[in-house]
Amino acid sequence: MHWPMAFQRGKELMPRWEDGGICYSATDSLGRPWRVCIARHKPVINQVECHPYLSQADLLSHCRSVAVCVTAYSPLGSGDRPWASPDEPSLLEDPRLGAIAKRYQKTPAHVVLRWHIQRGVVCIPKSVTASRIQQNLQVFDFSLSEDDMKLIESFDRNERFIVPTVERDGKRVWRDAEHPHFPFHDPY
Ligand SMILES: NC(=O)c1ccc[n+]([C@@H]2O[C@H](COP(=O)([O-])OP(=O)(O)OC[C@H]3O[C@@H](n4cnc5c(N)ncnc54)[C@H](OP(=O)(O)O)[C@@H]3O)[C@@H](O)[C@H]2O)c1
């Protein structure tokens, strides 16, 4: 089960009406499959967007309490997401992260990945760059102090990058906010 919002079937991944609007489907794509399937086994992994701007502290604490592992997708803040606008914050360029990285003689990406690991979160950074793929493995030769862990935790701003946004009437809004199963609270 992947995403709470369903789209109509079509030849394209995301079929659109003639006016460009996305063809939503009212099918309950999470609740219904969950109710009809016979869940003999407890889920073992919950994969959610998670990074210092979306620390998911409450969800992480809940998952820990019921022994469900959390996997962070977009763990570095997904800087290359196609709908990013120039005014959106770039996690890896956050000067506070840069200052921490400098103290450990590491990169901001190292610090973020190490923060995930020390919280017990599995992370799946993506890179198409060989040197970065190698770099992202160099996170087991240092540890962040408790103070730095708390400091990074304080960067949380409930910022979801993997919910597409569009510009409407000069305002940045969530593209799918009109979907009947849109699950997020609109911060805009
Ligand atoms: N379950 C879901 O709904 C869901 C949703 C989104 C993503 N995901 C999964 O999560 C994975 C990662 O998410 P993501 O691609 O959205 O975001 P991400 O891993 O947080 O960020 C990817 C971006 O970070 C850059 N990067 C990687 N390592 C770096 C480093 N060491 N220094 C500087 N920049 C670095 C990459 O650049 P380059 O590639 O140019 O090197 C790319 O621009 C995806 O591959 C996907 O499998 C799952």
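Along each chain, numbering runs from 1 in the same order as the chain's sequence is written. Only residues with pLDDT of at least 70 get local features here, since the model is predicted, and only at 80 or more are side-chain atom pairs given and counted; chain-wide, interface and lining totals rely on the full set of residues. Heavy atoms throughout the structure, all of them, feed into the side-chain values; hydrogens and water do not.

Labelled according to an unreviewed UniProt entry, the protein appears under the name Alcohol dehydrogenase [NADP(+)], originating from Lates japonicus. UniProt positions are given in the numbering used here, feature names are shortened, and annotations may be inferred rather than shown by experiment. Quoted verbatim from the Sequence similarities (unreviewed entry) field of the UniProt record, the comment on the protein reads "Belongs to the aldo/keto reductase family."

(A) Summary view of the site of the ligand. Definition of nearness: a residue and a molecule or strand are near each other if at least one heavy atom of the residue lies within 4 Å of the molecule or strand. As a structural note, the neighbourhood of the ligand is formed by 21 residues, with Leu-76, Ser-78, Ser-127, Thr-129 and Asn-136 the closest of them. Note that an oxygen atom of the ligand is positioned 2.8 Å from one of the side-chain N or O atoms of Ser-74. When the ligand sits alone it has 920 Å² of accessible area, and the protein chains cover 76% of it. Each residue gets one of three labels, nonpolar for Ala, Val, Leu, Ile, Met, Phe, Trp, Tyr, Cys and Pro, charged for Asp, Glu, Lys and Arg, and polar for the others, Gly among them. Each residue belonging to the shell around the ligand can be placed in one class, and the counts come to nine nonpolar, nine polar and three charged. Nitrogen and oxygen atoms within 3.5 Å of one another constitute a polar contact, given that in protein one can donate a hydrogen and the other can accept it, and given that sequence-neighbouring residues count only through two side-chain atoms. Values of accessible area rely on a 1.4 Å probe in the Shrake-Rupley scheme; residue burial ignores everything except the protein chains shown.

(B) Quick look at the pattern of salt bridges. Here, a salt bridge means any side-chain nitrogen of Lys or Arg that lies within 4 Å of a carboxyl oxygen of Asp or Glu. Inspection of every chain in the model, using the stated rule, returns nine salt bridges. Linking Asp-80 and Lys-126 is a salt bridge whose minimum nitrogen-to-oxygen distance equals 2.6 Å. Linking Asp-80 in the loop between β4 (69–73) and α3 (95–104) with Lys-126 in the loop between β5 (122–123) and α5 (130–135), this pair joins segments that are 46 residues apart in sequence. Accessibility here uses a 1.4 Å probe with only protein chains present; expressed as a share of the type maximum, an area under 20% marks a residue as buried, one over 50% as exposed, and anything in between as partly exposed. Lys-126 gets classed as exposed once you look at its relative accessible area, which sits at 51%. One salt bridge connects Glu-153 with Arg-119, and the closest N-O pair in it is separated by 2.7 Å. On the criterion of sequence distance, the pair formed by Glu-153 in helix α6 (residues 146–153) and Arg-119 in the loop between α4 (108–118) and β5 is long-range, its members being 34 residues apart. Counting from the N terminus, the helices are DSSP H or I runs at least four residues long and the strands are E runs at least two residues long.

(C) Looking closely at unusual backbone geometry. The backbone of Gln-105 sits at a positive phi, close to 55 degrees, despite the residue not being glycine. Residue position: Gln-105 is located in the loop between α3 and α4. At Asp-169, a residue that is not glycine, the phi angle is positive and equals roughly 50 degrees. Looking at the secondary structure, you find Asp-169 in the loop between β6 (165–168) and β7 (171–174).

(D) Spotlight on the packing of aromatic side chains. Classification of ring pairs rests on two measures: the distance between centres of Phe, Tyr or Trp rings, Trp counted by its six-membered ring, which must be within 6.5 Å, and the angle between planes, read as stacked under 30 degrees, edge-to-face over 60 and tilted in between. Across all of its chains, the model carries seven aromatic pairs by this definition. An angle of 55 degrees between the planes, with centres 6.3 Å apart, marks the rings of Tyr-53 and Phe-161 as tilted. On the criterion of sequence distance, the pair formed by Tyr-53 in the loop between β3 (45–49) and α2 (57–65) and Phe-161 in the loop between α6 and β6 is long-range, its members being 108 residues apart. We note that Tyr-53, like Phe-161, is buried. Put simply, the rings of Trp-3, Trp-174, Phe-182 and Phe-184 touch in pairs and so form one group of aromatic residues. A ring has a charge above it when a Lys NZ or an Arg CZ is no more than 6 Å from the ring centre and no more than 35 degrees off the ring normal. Sitting over the face of the ring of Phe-155, Arg-96 holds its NZ or CZ atom 3.9 Å from the ring centroid. Taking the ring centre of Tyr-53 as reference, the NZ or CZ of Arg-157 above it sits at 5.1 Å.

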